[in-house]
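So the chains spell out like this:
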Amino acid sequence: MTTELPYGSWPSPLSAEAVSAASPRIEGARFVGDEVWWGESVPEEAGRTAVRRKAPSGEVSDVIDAPWSARSRVHEYGGGAWTTVVGDALVFVEKADQRVWKAAPGERPRALTPLAGDMRFGGLTWEGGRLLAVRETHRDGAAPHRDIVEIPVDGSAVEDAARLRSLVEDSDFLAHPALSPDGTRLAWVAWNHPDMPWDRAELRVGRLEGGLVAEWTTVTSGATAPLQPIWVSDDDIVFSDDPTGRWNLTRLRLTADLHCEDVASADADTGGPLWVLGQRWFAVLDDGRIVAVRTNGSDELVLIGTDGEVRPLAVDAVAGMSIEDIRGSRLLLSGAGAAGAGLWDIDVDDPGAARLLVGGRTAWGEEWMPRPRAVTVDGPRGPVHAFDYPPTNPGVTAGANERPPYVVFVHGGPTSHVGGAASTKIAYFTSRGIGVLDVNYGGSSGYGRPYRERLLGQWGVVDVDDVIAAARGLAAEGAADADRLAIAGGSAGGWTVLCALTLSDAFAAGISRYGVADLRRLAEDTHDFEARYLDSMVGPLPEAEALYVARSPLSRLDRLRTPLLIEQGLDDRVVPPSQSEAVRDALRRNGVPHAYLAFEGEGHGFRRAETVVRQLEAEVAFLGRVLGFKPDGLPALELD
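The text that follows walks through the structure, step by step, so that each part is easy to find.

Conventions adopted
Residues numbered from 1 in each chain as written. Predicted model: local features only at pLDDT ≥ 70, side-chain atom pairs only at ≥ 80, totals over all residues. Heavy atoms only, no water. Pairing = 2+ DSSP bridges. Helix = DSSP H or I, 4+ residues; strand = E, 2+ residues; numbered from the N terminus. Axes fitted to C-alpha atoms, helices over the stretch in contact; angles between N-to-C directions. Salt bridge = Lys/Arg side-chain N within 4 Å of Asp/Glu carboxyl O. Buried < 20%, exposed > 50% of the residue type's maximum accessible area, 1.4 Å probe, protein only. 1 Å grid on protein atoms, 1.4 Å probe; cavity = no way out; pocket = protein on both sides within 12 Å on 5 of 7 lines; lining within 4 Å. Points joined across faces, edges and corners; volume = space filled by probe spheres on them. Nonpolar A, V, L, I, M, F, W, Y, C, P; charged D, E, K, R; others polar.

1. A closer look at the sheet that holds strand β18 (residues 227-231)
Inference 1: Reading across from one edge, β18-β19-β20-β21 is the order of the 4 strands in this open sheet, with antiparallel pairing throughout. Either end of the sheet is taken by a strand with one partner, and the two such strands are β18 and β21 (259-263). Averaged over all adjacent pairs, the angle separating strand axes in this sheet is 25°, with direction ignored.
Inference 2: With 3 bridges joining them, β18 and strand β19 (residues 236-241) adopt antiparallel strand pairing. Note that in β19 the partner of L227 across the bridge is S240.

What follows is the structure, encoded as structure tokens:
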């Protein structure tokens, strides 16, 4: 029997504390002997990334104890912060000093890289008995310098930095170093300012002499965005590339004419924006078969036979998939499914016997997790894709004539993507009677290059039009209350929130998490990886300065009349607190109800448990205060 209560006031067993702890953030995984090791963000330990091990008995323990944290800051977003080397030794980038350290279980880590110099490392990979990494060296008054280096695992580089052997440089950015089986060639991906790696990059192959690249050749056109080279023999590479507008697999034979052939191409993406190092969208098994992630809205895992036959593999994950490691016919797959994020051990020849290792289930039952509905609405420039998560509570319903309040989620990036899998954070809202519409506006990945390029030169225009179209489309079909629509987003998503609120009256409330408010300030302050991103999204400076001013919400804060919750990390180096503070000050001048929450120790994105708890409770309380419902069991949020 169900109880009838107004939307937004439904009681829920999902506390903010439980949600914070429920969905692990997986940061890589490896088969190590008869164990599985994985990286996991631990909110209750100040967001540190622990490396954990699971024994055959099921016992879980840490490889490195707190406060050690495996997190890289190469390209600011990091990735590939740990791997394993000979035996069961862990090598990892320590968050605090960005040095590389080595540790066996139960041992105190010892350094492998020197303390001198401002160096960061990421994309660690153990290739042919050599530890390779992308190194980023910061110098006063100059752009960071990057190269691919070999790090000696005996610790000899600690006292002699020259022992860090630079294999290759010659470009602004590098990723995906891969050593040929015979050790005579190195493949890698490179790109230069002002391009972003999902716009234009190059796959390069270099000949090694004395372990260093003596000369190299670009083996792609330079007009595409290649990813993840894997050697299948001394002369053959499989990689992903998008000359057709979709990231598909290509086999390259290093003959005189550099022969290329498609590998089971499809109208889906095996690949994605290279925001972080170390992500893997496919793997080549020992027998030549390929297991790959394909994305067209949601993710699918497929097995490609040596004859080209494609067989879907039924797995629990449908979004955010990454193939972390392989052994024989087994693979470690991270991703998100109906019960949140998890890590699975899957045998491609028997996927039905997949073993859940971490996450992937909830303490409160899957009936509390909303089932996504793929939604496509007509926008000003074509279709807009989204996932609708309706209010979901097995014990409560609302009156037949009431329409639910909805919050439109706007992802960051902006060249990112959300898949059709409910997170526990989404369930925190939907279980209380608040619907969530997760929008992949034009510019999002996961639908091919033409959809992604819809945002070129149009940031602050297309994204705004698309989220408004999606919200109004949902209301027009009667699924949402048109008078109780809210919008929420972080970083680039926060930019879209602020733009939408200063350009339209589509939303009754807004939530900006470390949102961009001033494009000129962003161009001046942001880190090197994104230093020229705005060239393509808005226009190059100084020629486009007037457009930067006109597009920025900071230029029209006098129009901001919508109640707003602002959340900001005080250690944010991507979008500094000054931008959020300017929005707060404008709201005060305008006499608009608002709240400003500043979090010590948080950067660009929230990782600490206490921050996530405060954030979730404040957001629902804020929506209740503005949209006219009383959330059950949550403290009130005072507005200025």
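2. Things to note about the pattern of salt bridges
Inference 1: Taken as a whole and assessed by the stated rule, the structure comprises 48 salt bridges.
Inference 2: A salt bridge links R289 to D349; the shortest N-O distance between them is 2.9 Å. You can see R289 sitting in the loop between β22 (282-284) and β23 (290-296) and its partner D349 sitting in the loop between β28 (340-347) and β29 (355-359), a full 60 residues away along the chain.
Inference 3: By relative accessible area, which is 17% here, R289 ends up buried.
Inference 4: D349 gets classed as partly exposed once you look at its relative accessible area, which sits at 46%.
Inference 5: Here the salt bridges do not stand alone but share partners, grouping R73, E76, R120, E136, R146 and D528 into one network.

3. Quick look at empty space enclosed by the protein
Inference 1: Tallying each qualifying case throughout the model produces 2 cavities of 30 Å³ or more.
Inference 2: Empty space within the largest cavity amounts to approximately 60 Å³.
Inference 3: If you trace the largest cavity, you find it lined by W198, D199, T415, G443, R452, E453, L455, L456, Y533, S536 and M537.
Inference 4: Among the elements that line the lining of the largest cavity, the one with the most residues is helix α7 (residues 533-537), at 3 residues.
Inference 5: In terms of residue class, the lining of the largest cavity is built from 5 nonpolar, 3 polar and 3 charged.
Inference 6: Approximately 40 Å³ is the volume attributed to the second largest cavity.
Inference 7: Where the lining of the second largest cavity is concerned, the elements lending two or more residues are β20 (248-253) and β23.

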